Amino acid sequence: MMKLIRYRRNIPLSYGFTALMNLSFTHGLWMMYLASRGFSLVQLGLLEAIFHVTSFLMEVPTGSVADIWGRKVSRLSGRLFGALSLAIMFLAPTFPLQVLGFICSALGYNLESGAGDALLYDSLLLDGRESSYLRVKGLDELLYQSCSVVAFLVGGLLATLDYGYAFSLTILTNLLAFLLALFFKEPEIEKEPRSGLFSGILNSLKSQIFSSVKVFRETPRIAFLIVFSESLFAFMISLFFYLQNFWTDQGYLPDAIGYAYAAHAMLAAFFSLNAHRIERKINEKGILVACPIFLALCLWGIALTPYTMAFYIILGCMEGLLAPTISSYLNKLIPSKFRATILSFQSMAYSLFMIMIFPLVGLIGNTHSLLLSFTLMAIAATLLVFAYIWVLIRKR
């Protein structure tokens, strides 16, 4: 009996870790802050590109770190890199130092992206409670969205007083998350063998990555779920950033834009909490068909109607439903000793889509209009809908 509950404490600890990590009061402010420091829009665009390129290159190696040396080590390291990146961003006076800060930010994101879900799922798996993962992940997503709402509202208030308050408080929440992660119990899973300290590190990483790629070849459904989910998320995140400029040009005040983002996050939180109930009603195939259709319809609503805020808020339904369900489906397919590495391929795919989509949307928006960018995004999403449904029908 004792064996069945030995990792139970990891679940509430992970909830607390998620809450602290996502109380990021600078998330919607860093571009405005750096612009006020004299950095140009071109430099800001380059910094965002550097973040995604670093994330793309380092995602799988950092996922292997979590599989080889432990999920706990990876999450602890991620929060240290996160706090360091914020300190550099706030204090660094030159562009090269800001580049260093954004590289640290990407590493902090990479070290968490595969390790977090891997620790959560393996804790449930080893306790014989993996069937409750979708419900647990839904609550975890609820905390993420709820803390995002708080961060949007409080961060804006702090920034009106002093940007330093927002940065200092976010550094503090990262360090508190680090302290909380010290109490995680590392899941005891089978690991790839590793050798000595120096050449052994490289050999261990190489072996872990190649073994994970073999899992991909043997289970192509993993690749489909990753491409499916991360392409949709790339569209949603691109909307998140570019709608700010679009709505400002339309005459909306910052507080109205903040309310729209908060409403989107609250709707996403509601659907994430109820994802396990919705999944029981329409099952996996229903979700995989409904989500891309829903995204395409919302994109067409944003591109062709004046109700852009309403359609973006409604899009929160899909975000809240998709994140926990895709995570559940993937974790069921992945062996524990490769879990963090393969989940890092998921974040790597997201970075790749962002590298392709994000600059293109901005370029078309600058040379023509953001409305044209949104229309082209709607066309691309519609084509993806047909492709995904064709694959689902063909592969059953």
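Conventions adopted
- Position labels on residues start from 1 in each chain and follow its written sequence.
- In view of the model being predicted, local features appear only for residues whose pLDDT reaches at least 70, and side-chain atom pairs are presented and counted only at 80 or more, with totals across whole chains, interfaces and linings using the full set of residues.
- Hydrogens and waters are ignored; side-chain quantities use all the structure's heavy atoms.
- For helices the rule is a DSSP run of H or I covering at least 4 residues; for strands it is a run of E covering at least 2, with both sets numbered from the N terminus onward.
- Atoms counted for the radius of gyration: C-alpha only. Globule rule: 2.2 Å times the number of residues to the power 0.38.
- Partly exposed describes any residue whose relative accessible area lies between the buried limit of under 20% and the exposed limit of over 50%, with all areas from a 1.4 Å probe on protein chains only and scaled to the type maximum.
- Whether two residues are in contact is decided by their heavy atoms: any pair within 4.5 Å suffices.
- Confidence of the predictor in every single residue is expressed as pLDDT, which spans 0 to 100.
- Stacked, edge-to-face and tilted are the three classes for Phe, Tyr and Trp ring pairs, Trp counted by its six-membered ring, which pair at centre distances within 6.5 Å; planes under 30 degrees apart are stacked, over 60 edge-to-face, the rest tilted.
- Expected helix span is taken as 1.5 Å per residue step, with the number of steps being one fewer than the number of residues.
- In what follows, salt bridge is the name for a side-chain nitrogen of Lys or Arg lying within 4 Å of a carboxyl oxygen of Asp or Glu.

Some thoughts on the overall build of the chain
Assigned secondary structure in the chain consists of 15 helices and zero strands. Taking 396 residues into account, the globule formula puts the C-alpha radius of gyration at 21 Å, and the chain, at 21 Å, falls close to it. Judged by the C-alpha coordinates and their principal axes, the chain covers about 60 × 50 × 35 Å. Residues counted as buried form 53% of the 396 residues belonging to the chain. A separation threshold of at least 6 residues defines the contact pool for the chain, and within that pool the share at least 24 residues apart is 85%.

Looking at the confidence of the model for the chain
Regions with low pLDDT should not have their predicted coordinates read in detail. Summing up the model confidence of the chain, the mean pLDDT is 81 and the portion of residues at 70 or higher is 90%. A low-confidence stretch, residues 195-200 (pLDDT under 50), is modelled with four contacts involving residues beyond four sequence positions or located in other chains.

Remarks on the packing of aromatic side chains
Under the defined criterion, the tally for this structure stands at 16 aromatic pairs. Here Phe224 and Tyr388 contribute two aromatic rings whose centre-to-centre distance is 5.9 Å and whose plane-to-plane angle is 85°, an arrangement assigned as edge-to-face. Of this pair, Phe224 sits in helix α9 (residues 220-249) while Tyr388 is found in helix α15 (residues 370-395), placing the two residues 164 residues apart along the sequence. Residue class for Phe224 comes out buried when judged on its relative accessible area of 17%. Considering the side-chain rings of Phe270 and Phe271, the 5.7 Å spacing of their centres and the 75° angle between planes classify their relative orientation as edge-to-face. Phe270 sits in the partly exposed class, given a relative accessible area of 48%. Ring pairs connect the aromatic residues Tyr33, Phe90, Tyr163 and Phe167, which therefore count as one cluster.

Comments concerning helix α7 (residues 163-181)
Compared with an ideal rise of 1.5 Å per residue, which puts 19 residues at 27 Å, α7 spans 27 Å between its outermost C-alpha atoms and is within 8% of the ideal. Regarding α7, the residues found buried are Gly164, Ala166, Phe167, Thr170, Thr173, Asn174, Ala177 and Ala181. In this structure, the buried side of α7 is in contact with α1 (10-21), α2 (30-36), α4 (71-91) and α6 (133-161).

Quick notes on the pattern of salt bridges
The tally for this structure, following the rule as stated, stands at three salt bridges. Arg71 is the partner of Asp122 in a salt bridge, and the nearest nitrogen-oxygen pair spans 2.7 Å. Of the two residues, Asp122 is situated in helix α5 (residues 95-126) and Arg71 in helix α4; the sequence distance between them amounts to 51 residues. Its relative accessible area of 0% is what places Asp122 among the buried residues. Note that Glu112 is salt-bridged to Arg75, the shortest N-O span being 2.8 Å. Note that Glu112 is positioned in helix α5 and Arg75 in helix α4, a separation of 37 residues in sequence. We classify Glu112 as buried; its relative accessible area is 10%. A residue is classified by how much of its surface remains accessible, and Arg75, at 2% relative accessible area, is buried.

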